[in-house]
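# Breakdown of the fold
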Amino acid sequence: MTSPQNIQNIPNIQQLANSLNEVSLSTSPTNTFSGSFNSFKARRLSTTNKAKPLKPFSTGDFKILLLENVNQTAIDILSKQGYQIEFHKTSLGEAELIEKIKDVHAIGIRSKTKLTEKILSHAANLVSIGCFCIGTNQVDLEYAAKKGIAVFNSPFSNSRSVAELVIAEIITLARQLGDRSIELHSGTWNKVSAKCWEIRGKTLGIVGYGHIGAQLSVLAEAMGMNVIYYDVQMIMSMGTAKQVGSLKELLNNADFVTLHVPELPETKGMISTAQFNEMKQGSYLINASRGTVVDIPALIEARKSGRVAGFALDVFPNEPAKNGVDLFNNDLNAWASELTSLGNVILSPHIGGSTEEAQSAIGVEVGSALVKYINEGSSIGSVNFPEVDLRTLSQDQVNHVRVLYIHQNVPGVLRTVNEIFAEHNIDKQFSDSEGDIAYLMADISDVYESDIKKLYEQLEQTPFKIRTRLLY
Ligand SMILES: NC(=O)c1ccc[n+]([C@@H]2O[C@H](COP(=O)([O-])OP(=O)(O)OC[C@H]3O[C@@H](n4cnc5c(N)ncnc54)[C@H](O)[C@@H]3O)[C@@H](O)[C@H]2O)c1
Ligand SMILES: O=C(O)CC[C@@H](O)C(=O)O
């Protein structure tokens, strides 16, 4: 249960009703419009039949659930818009999340909240998901797109923080610093130099040369390391780093191997017994990507045999949903206690991107992307949607509606939709598709309040519609 201090600005039903007091709700909440944010607006307008200028888009009805302690910068940006915000420091269990998600229009998460098909199938009103992190593997992106839910993330705001942590881990492993620190914490003075190394002149092998890998490459070279990297894409090197043709070539030549690939079907278990056997004797492994990329029992064996002289794990296959949970005393990570019995092992609780700088930048980036999508329909930066945008609507424009129409990517849609628009003037229109879904944005004018309900219903009744929103 969330304590009251963790919740900000949750409106109750009465407050919500007060915010809608311009018109009375004469229709039943379970009429044909029920279950979507826009239908709510359409229901309000359906009570008025006289032609009069439209009101500007009002954000006060919009509910956002923010989980996992997303940064204050995001809360500030979203609150400023007048949205109703419910904030929790932790993730939520499945049952509680299903209850909450039924009611909200957007949700903000980090890496722990799994938004599966099961959970999203209850999200009747949800139009957008903000992942306040880089990874989006915790969300069923395809299912979200099919439901017309746009997902946003922050592709590089924490890259530098991860790269700096990895540099720290390379030196810590090379100098067995973690072990010396643990020993001295319990009073043991153990001054050794055997098997402790400088990193200058050693070879760093980076698997996945994207935002983090490339940052790391620059930092490592600045400290005198040779850098090689393996990536499925041909990528221009930073400095004098060299791309190698295969993972095997990288493993054969690197003194330190560091993983920076996304979690994908092809990266699950990517580093297992066969790959450890290709690594140099006495080399090191660092994983700050996703826990499933490394086969941990195989890693434990590689450490015991000395093939691997030390390793650092920032990520785990099953991570607890909140702080304070004992990682080792649960049956999700059966091998976990073995990790602590091995020497020269660094374990950290998925903190690669956890710096003040990164979290604040992520809050601004994802918070702003959500506002642009909610208020204007812009899907620029979405990871599962066609990217569509039109210039910002002026508040002076009257009798003007922006139509956001997410639909199946099949022939005949534009003809049908433009027939529906025929009574009005189409000022601007843009449409794009990605896979099975397409997104059309149109600014139409000569629209009166009495037209709104009909316009909404006609679009909703088209056979290929996924979701309709009208902004005005
Ligand atoms: N520990 C943390 O706190 C933390 C923080 C941020 C990101 N991450 C993780 O790190 C991952 C990488 O982040 P990024 O920003 O550098 O991502 P990115 O998308 O910029 O780069 C990933 C690179 O991996 C490559 N790649 C994909 N599949 C590959 C494969 N099978 N073999 C080799 N290369 C492959 C891609 O071509 C790409 O160049 C994220 O997906 C996320 O899961 C962890
Ligand atoms: O902040 C988090 O929970 C996730 C950090 C990192 O793994 C990411 O994907 O950005």
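Just so it is clear, the structure is predicted and the values come from calculations on it, not from any experiment.

Further remarks concern the packing of helix α7 (residues 159–174) against helix α9 (residues 211–222). How two helices sit against one another is set out by the angle between their axes and by the gap between those axes. At a minimum axis separation of 8 Å, α7 and α9 run at an interaxial angle of 50 degrees. As judged from the angle between their axes, α7 and α9 are oblique. The handedness of the crossing between α7 and α9 is right-handed. Residues S159, R160, V162, A163, V166 and I167 of α7 form the contact with α9, whose participating residues are H211, I212, Q215, L216, L219 and A220. Partitioned by chemical class, the residues of the contact of α7 with α9 number eight nonpolar, three polar and one charged.

Residues F256 and T258 point to one face of strand β9 (residues 256–259) and V257 and L259 to the other, with burial holding for every one of them. Alignment of strand β6 (residues 203–207) against β9, held across four bridges, turns out to be parallel. In the sheet register, G205 faces β9, and the bridge partner there is V257. Note: β9 against strand β10 (residues 283–287), four bridges, orientation parallel. Counterpart to T258 in the pairing with β10 is I286. Crossover connection from β9 via helix α11 (residues 273–278) to parallel β10: handedness right-handed.

Moving on, we come to the sheet that holds strand β16 (residues 465–471). Within the open sheet, the four strands sit side by side as β14-β15-β13-β16. Their pairing is antiparallel. In this open sheet, the two strands that pair with only one neighbour each are β14 (425–434) and β16. Across the sheet, the axes of successive neighbouring strands diverge by a mean angle of 10 degrees, strand direction being ignored. Pairing between strand β13 (residues 400–408) and β16: six bridges, direction antiparallel. From the neighbouring strand, V403 faces β16, where its bridge partner is L470. Where helix α15 (residues 413–421) meets the sheet, its contacts fall on β13, β14 and β15 (437–445), and the angle it forms with β15 comes to roughly 20 degrees.

Our focus in this paragraph is the UniProt feature "domain: ACT" (unreviewed entry) in the protein. The UniProt entry lists residues 402–472 under the feature "domain: ACT" (unreviewed entry), expressed in the numbering used here. Its end C-alpha atoms 6 Å apart, residues 402–472 is made of 30% helix and 46% strand.

The full set of residues close to ligand 2 is R110, S111, C133, I134, G135, N158 and G353. A per-class count over the shell around ligand 2 returns two nonpolar, four polar and one charged.

Surrounding ligand 1, one finds 32 residues, the nearest of these being G208, G210, I212, P262 and G352. Counting only elements with at least two residues in the shell around ligand 1, the list comes to α7 and α9. It is α9 that provides the largest number of residues to the shell around ligand 1, a total of three residues. Class assignment for the residues of the shell around ligand 1 results in 13 nonpolar, 14 polar and five charged.

What follows deals with the domain arrangement of the protein. Partitioning the protein into domains gives domain 1 (59–152), domain 2 (162–347) and domain 3 (388–471). Computed over C-alpha atoms, the centres of domain 1 and domain 2 are 32 Å apart. If you look at the interface, domain 1 gives five residues, while domain 2 gives six residues. Looking at the side of domain 1 that touches domain 2 residue by residue, the classes come out as no nonpolar, four polar and one charged.

Quick notes on the rules
- Residues numbered from 1 in each chain as written.
- Chains lettered and ligands numbered in written order.
- Predicted model: local features only at pLDDT ≥ 70, side-chain atom pairs only at ≥ 80, totals over all residues.
- Axes fitted to C-alpha atoms, helices over the stretch in contact; angles between N-to-C directions.
- Helix = DSSP H or I, 4+ residues; strand = E, 2+ residues; numbered from the N terminus.
- Parallel < 35°, antiparallel > 145°, perpendicular 65-115°, else oblique.
- Left-handed = near helix turned anticlockwise from the far one by under 90°.
- Contact = placed C-beta atoms within 7 Å.
- Nonpolar A, V, L, I, M, F, W, Y, C, P; charged D, E, K, R; others polar.
- Buried ≥ 20, exposed ≤ 12 C-beta atoms within 10 Å, placed from the backbone.
- Pairing = 2+ DSSP bridges.
- Right-handed = clockwise from strand over helix to strand, strands pointing away.
- UniProt positions renumbered as here; feature names shortened; annotations may be inferred.
- Near = placed C-beta within 6 Å.
- Domains from an automatic or database assignment.

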